[in-house]
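Inside the fold
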Amino acid sequence: MSSRNNTKIKCLITDFDETFFRTSISADLRKTRPIDWDKVYALIPQFEMYSGWKEVMTWLKENDIKFAVVSQATRGILSRTFKHFGIEPVYVGCYDRFHKKPHARNLEKALEALGLEKDEVISVGNSYKDFLQAQQAGVRFVGACWDSLDVDQLKQHGQTIDSPLELIKIISESQDRQ
């Protein structure tokens, strides 16, 4: 059994777009250049938090497990969205023009900032690039299959879930092995 299955999970790191929030309503605006950020930010109240995340956030807090975000989205959209929904990640890693997914550096920066080891976190994302990023960083990955265009690839490469609520069981089972 690998050490990552024997170490207590201290942090859940998630992707943002189509993993935590349904943000597709802003996709076209975010692809145009230059981006009209006022129009994008005006759409934030229409973003949808996927069912189950609210319960996961409560459970994480009750179990003293940190919540962090690593995404290719910009800091502005990340911070404004989480603030709008009343969620305070302990770390927000965002778009870096030198380290785009699937480069491992953004996850590695999160680990450094949080003072955590690779086997103390679980990374969740909805894309094959999220999987590759976690794999390259040596971090346990769980594929989020809701709103994913990469479901088949995610299922071929590891553990997947169909609801955020399944994370509670996965983390709990990890903690129970202590």
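Refer to the structure above for everything that follows.
First, a word on scope: everything that follows refers to the structure included in this document. Treat the numbers as computed from the prediction; the structure is a model and nothing was measured. (Residues numbered from 1 in each chain as written. Predicted model: local features only at pLDDT ≥ 70, side-chain atom pairs only at ≥ 80, totals over all residues. Heavy atoms only, no water.)

Observations regarding the overall build of the protein
A count of helices and strands for the protein gives eight helices and eight strands. Since a compact globule built from 178 residues should have a radius of gyration of about 16 Å, the 16 Å found for the protein is in line with a globular shape. Based on the C-alpha atoms only, the size of the protein along its principal axes is roughly 50 × 30 × 30 Å. Split into buried and exposed, the 178 residues of the protein put 49% on the buried side. (Helix = DSSP H or I, 4+ residues; strand = E, 2+ residues; numbered from the N terminus. Rg over C-alpha atoms; globule rule 2.2 N^0.38 Å. Buried < 20%, exposed > 50% of the residue type's maximum accessible area, 1.4 Å probe, protein only.)

Observations regarding the sheet that holds strand β8 (residues 160-161)
Across the sheet, which stays open at both edges, the six strands sit in the order β5-β4-β1-β6-β7-β8 with parallel pairing between neighbours. With partners counted over all chains shown, the strands left at the sheet margins are β5 (91-93) and β8, one partner each. In this structure, strand β6 (residues 121-125) lies alongside strand β7 (residues 140-144), joined through four bridges in parallel fashion. Looking at the pairing, Ser123 lines up with Phe141 of β7. Each of β4 (66-70), β6 and β7 touches helix α6 (residues 128-137); the most contacted strand, β7, lies at about 175° to it. (Pairing = 2+ DSSP bridges. Contact = heavy atoms within 4.5 Å. Axes fitted to C-alpha atoms, helices over the stretch in contact; angles between N-to-C directions.)

With respect to the pattern of salt bridges
Note that side chains of opposite charge can pair when their charged atoms are close. Counted by the stated rule, this structure contains nine salt bridges. A salt bridge links Lys10 to Glu120; its shortest N-O distance comes to 2.9 Å. Taken together, the residues span a long stretch of sequence, with Lys10 in the segment before β1 (11-14) and Glu120 in the loop between α5 (105-114) and β6 at a distance of 110 residues. Overall, Lys10 belongs to the partly exposed group, its relative accessible area being 37%. With a relative accessible area of 11%, Glu120 lands in the buried category. When salt bridges with common partners are traced through the structure, they connect Asp15, Lys101 and Asp130 into a single cluster. (Salt bridge = Lys/Arg side-chain N within 4 Å of Asp/Glu carboxyl O.)

Brief notes about unusual backbone geometry
With the exception of glycine, the majority of residues adopt a negative phi angle, and the majority of peptide bonds are in the trans configuration. Of the consecutive residues Arg33 and Pro34, the connecting peptide bond is found in the cis state with omega at -5°. Residue position: Pro34 is located in the loop between α1 (27-31) and α2 (37-42). Here the residue pair Lys101 and Pro102 is connected by a cis peptide bond, since its omega of 10° sits within 30 degrees of zero. The phi torsion at Asp64 lies on the positive side, around 55°, for a residue other than glycine. Relative to the elements of secondary structure, Asp64 occurs in the loop between α3 (53-62) and β4. With a relative accessible area of 70%, Asp64 lands in the exposed category. For Asp147, which is not glycine, the phi torsion reads 50° and is therefore positive. If you trace the backbone, Asp147 turns up in the loop between β7 and α7 (151-156).

Points about α3
For α3, the complete set of buried residues consists of Trp53, Val56, Met57, Trp59 and Leu60. End-on view of α3: buried residues confined to an arc of 165°, all on one side of the axis. In α3, the exposed positions angled more than 90 degrees off the buried face are occupied by Lys54, Lys61 and Glu62. Taken from the residues just after α3, Asp64 is the one with a positive phi, measuring 55°. (Arc of directions from axis to C-beta.)

Considerations on helix α4 (residues 75-84)
The complete set of buried residues in α4 reads Ile77, Leu78, Thr81 and Phe82. Buried residues of α4 fall within an arc of 115° about the axis and therefore sit on the same side. In this structure, the buried side of α4 is in contact with β2 (21-22), α1, α2, β4 and β5. Following α4 by one or two positions, Gly86 adopts a phi angle in the positive range, close to 70°.

As far as function goes, none of this settles anything; it's purely spatial.
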